[in-house]
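Examining the three-dimensional arrangement
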Number of protein chains: 2
Amino acid sequence: MRFMTSSDKPDHVSDSPARTGIAAQDWATAAADPQYRAAVVDLLGALAYGELAAFERLAEDAKLAPTLADKAELAKMASAEFHHFERLRDRLTEIGAEPTEAMDPFVAALDGFHRQTAPSDWLEGLVKAYVGDSIASDFYREVAARLDSDTRELVLAVLDDTGHAGFAVEKVRAAIDADPRLGGRLALWARRLMGEALSQSQRVVADRDALSTMLVGGVADGFDLAEVGRMFSRITEAHTKRMSALGLAA
Amino acid sequence: MRFMTSSDKPDHVSDSPARTGIAAQDWATAAADPQYRAAVVDLLGALAYGELAAFERLAEDAKLAPTLADKAELAKMASAEFHHFERLRDRLTEIGAEPTEAMDPFVAALDGFHRQTAPSDWLEGLVKAYVGDSIASDFYREVAARLDSDTRELVLAVLDDTGHAGFAVEKVRAAIDADPRLGGRLALWARRLMGEALSQSQRVVADRDALSTMLVGGVADGFDLAEVGRMFSRITEAHTKRMSALGLAA
């Protein structure tokens, strides 16, 4: 995942070195708790399928590129997602999970998201790549703080900014400058992307107890739907700020 | 490009270390001849767009995969093609050519090939990946012997066998074993692929004089259509042998 710059980072996420609870443990220690282990397998499965689905969509969107150089740029983003997928899949194997089984529960939600948000042109594809990646980055960072040190390191590595944000932002801004009416259409599109992402995420939260419980502050504290709601608000707020910066009223 | 094993290698291709003419020169020396330089820019442009188009088609075909593991395997092949594209594009830049301009003359033929041969199911996609890659490998090897040492090294590196042949061959064989009637349909499909590849190649040969002249034995010797025909026969023969080995009468 890419596109995240330090100024985009949700305010509440702390990189403080003084970690407590599971965040202070390594995988071997943390995984002794079977509920934590199940949550991490879920998380890695969701991220792995997310990367594989992103690969497919970016490769598909590359067909909409107006020039060969643009096509190559989207193909490069797709290939980067594929390499993230490989790391996540290999980690699942390493911790004794079957990657396909781990990914299966998330196929319907992610395929649903992509089916509902197939871009109709090149600019919609770029906005989707930017928005999708930013939301995913926010989510990775939200969750990283709650993970054991080994899993956290992998999740943050997969989040690495490969500098593609600049490409999408620059192209979208230039297009809106050239034809300001595009702004309205793309703003609507970005809202639809966010709405669909939230709706599919809520589906996953409702289905996967262990994962959801971990997302809201550790398996020991029980499931708190209100905290999941707050996490979604933080991600939505960060999205709104990014859209304004892009010249799109979200 | 992949899939080539030593036993598939057309008999006439010699890896003899005693090279003469352009094959004994490095790029700096050989490129002093403007016709040779133009031919290499054409060749690298054709290969680069070929890899980019192959990336797109494999990524597209990954959607037809019956399992997540199969999907990942095709995505991996696509990603490997993309990295080949990057090397070829970077080399074009290095020798002072504009990659997009170098690729442009080959877009119509390669897009035409892929449009005419969109697989209708997973097995057709696998046969296409195998056949397409094998033909491309044969072509790379044909041409490598006629190149300066620096260009030859790049072309052979991009040809590297990443071991995907085994995957495609194994899946297709198992499917035919399970349902022998598939053999007839897939044999017909492989014939159509070869026919379309030849027809598009002939279009390129007719259009690109410098490239065609180099392909048939060096720019000094003039253009010889009969020799191009012989090259196509050698590639067709190698294809026929591979199809028999796969259980498909070609």
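The structure presented is a predicted model; accordingly, all values stated were derived computationally and were not measured.

**Quick look at the overall build of chain A**
If you tally the helices and strands in chain A, you get 10 helices and 0 strands. When its helices and strands are written in sequence order, chain A yields α-α-α-α-α-α-α-α-α-α. For chain A, contacts bridging at least 24 residues in sequence account for 81% of all contacts bridging at least 6. Counting only carbon and sulfur atoms, one obtains 53% of the accessible surface of chain A, whose full area is about 10,300 Å².

**Describing the relation of the copies chain B and chain A**
When chain B is brought onto chain A, the operation consists of a screw motion whose angular component is 180° and whose axial shift is 0.0 Å, with 0.0 Å RMSD remaining. Seen this way, the second copy is the image of the first under a two-fold rotation axis. It is Ser-79 of chain B whose C-alpha, among those of chain B, lies nearest the rotation axis, at 2.6 Å. A symmetric contact is evident, with 100% of the interface residues of chain B recurring at the interface of chain A.

**Focus: the side chain of Gln-200 of chain A**
Along the chain, Gln-200 of chain A turns up in helix α8 (residues 182–207). Setting aside chain neighbours within four positions, we find Gln-200 of chain A in contact with Ala-109, Gly-112 and Phe-113 of chain A.

**Notes on the interface of chain B and chain A**
Every contact between the two is made by 25 residues of chain B and, on the other side, 25 residues of chain A. Taken together, both faces of the contact between chain B and chain A bury some 1,900 Å²; the carbon and sulfur share is 69%. The three residues of chain B that bury the most area against chain A are Phe-55, Glu-56 and Leu-68 of chain B, which together make up 29% of that side's buried surface. The tally of links between chain B and chain A comes to 4 salt bridges. For Glu-56 of chain A, the salt bridge goes to Lys-71 of chain B, with nearest N and O atoms at 3.2 Å.

**Points about the packing of aromatic side chains**
The tally for this structure, following the rule as stated, stands at 9 aromatic pairs over all chains. Taken together, a centroid distance of 5.7 Å and an interplanar angle of 35° make the contact between Phe-82 of chain A and Phe-85 of chain A tilted. Of this pair, Phe-82 of chain A and Phe-85 of chain A both sit in helix α3 (residues 68–94), 3 residues apart, which is roughly one turn of the helix. The class for Phe-85 of chain A is buried, based on a relative accessible area of 0%. Every member of this aromatic cluster is reached through a ring pair, and the members are Phe-55, Phe-82 and Phe-85 of chain A together with Phe-55, Phe-82 and Phe-85 of chain B.

**Section: helix α5 (residues 122–144) of chain A**
All names here are of chain A. Taking 1.5 Å of rise per residue, 23 residues should cover 33 Å, and α5 covers 32 Å from first to last C-alpha, within 8% of that figure. Of all 23 residues making up α5, 20 are buried, and the element is well covered by its neighbours. Between the side-chain oxygen at the start of α5 and the backbone nitrogen of Leu-123 there is a gap of 3.3 Å, and the oxygen is on Asp-121.

**A short note on the pattern of salt bridges**
Residues and elements named next belong to chain B. Counted according to the given criterion, the structure contains 26 salt bridges over all chains. For Arg-208, the salt bridge identified is with Asp-42, shortest N-O distance 2.8 Å. One end of the pair, Arg-208, is in the loop between α8 (182–207) and α9 (209–215); the other, Asp-42, is in helix α2 (residues 34–61), and 166 residues separate them in sequence. On the basis of relative accessible area, Arg-208 is assigned to the partly exposed category, the value being 25%.

**Brief notes about the environment of Asp-90 of chain A**
Turning to its location among the elements, Asp-90 of chain A is positioned in helix α3. Distance in space between the C-alpha atoms of Asp-90 of chain A and Ala-48 of chain A is 9.8 Å, their sequence separation being 42 residues.

**Quick notes on the side chain of Asp-42 of chain B**
Judged by relative accessible area, Asp-42 of chain B falls into the buried class, the value being 7%. Setting aside residues up to four positions removed in sequence, Asp-42 of chain B forms contacts with Phe-106, Arg-208 and Leu-211 of chain B.

**Some words on the packing of α2 of chain B against helix α3 (residues 68–94) of chain B**
All names here are of chain B. Contact geometry of α2 with α3 gives a least axis separation of 8 Å together with a crossing angle of 160°. Judged by the inter-axis angle, α2 sits roughly antiparallel to α3. When you trace α2 past α3, the crossing you get is left-handed. Of the residues in α3, those in contact with Val-41, Leu-44, Gly-45, Leu-47, Ala-48, Glu-51, Leu-52, Ala-54, Phe-55, Leu-58, Ala-59 and Asp-61 of α2 are Leu-74, Met-77, Ala-78, Ser-79, Glu-81, Phe-82, His-84, Phe-85, Leu-88, Arg-91 and Leu-92. When its residues are assigned to classes, the contact of α2 with α3 shows 16 nonpolar, 3 polar and 4 charged.

**What to know about the environment of Phe-55 of chain A**
For Phe-55 of chain A, the location among the structural elements is in helix α2 (residues 34–61). Placed 147 residues apart in sequence, Phe-55 of chain A and Gln-202 of chain A show a C-alpha to C-alpha distance of 23 Å.

**Here's the deal with the confidence of the model for chain A**
All names here are of chain A. When pLDDT is averaged along chain A, the result is 83; 86% of the residues meet or exceed 70. Low confidence marks residues 1–16, where pLDDT is under 50. Its contacts with residues over four positions away, or in another chain, come to 49 contacts. Across residues 219–223, confidence stays below pLDDT 50; counting only partners more than four residues off in sequence or on other chains, it has 10 contacts. For this predicted complex, the interface confidence comes out at an ipTM of 0.73, alongside a pTM of 0.79.

The rules behind each value
- Residues numbered from 1 in each chain as written.
- Chains lettered and ligands numbered in written order.
- Predicted model: local features only at pLDDT ≥ 70, side-chain atom pairs only at ≥ 80, totals over all residues.
- Heavy atoms only, no water.
- Helix = DSSP H or I, 4+ residues; strand = E, 2+ residues; numbered from the N terminus.
- Contact = heavy atoms within 4.5 Å.
- Areas by Shrake-Rupley, 256 points an atom, 1.4 Å probe, with all protein chains shown as cover.
- Least-squares fit on C-alpha atoms with pLDDT ≥ 70 in both.
- Buried area = accessible area lost by both parts, 1.4 Å probe.
- Salt bridge = Lys/Arg side-chain N within 4 Å of Asp/Glu carboxyl O.
- Phe/Tyr/Trp six-rings, centres within 6.5 Å; stacked < 30°, edge-to-face > 60°.
- Buried < 20%, exposed > 50% of the residue type's maximum accessible area, 1.4 Å probe, protein only.
- Expected span 1.5 Å × (residues − 1).
- Polar contact = N/O pair within 3.5 Å; in protein donor to acceptor, adjacent residues only side chain to side chain.
- Axes fitted to C-alpha atoms, helices over the stretch in contact; angles between N-to-C directions.
- Parallel < 35°, antiparallel > 145°, perpendicular 65-115°, else oblique.
- Left-handed = near helix turned anticlockwise from the far one by under 90°.
- Nonpolar A, V, L, I, M, F, W, Y, C, P; charged D, E, K, R; others polar.
- pLDDT = per-residue confidence, 0-100.

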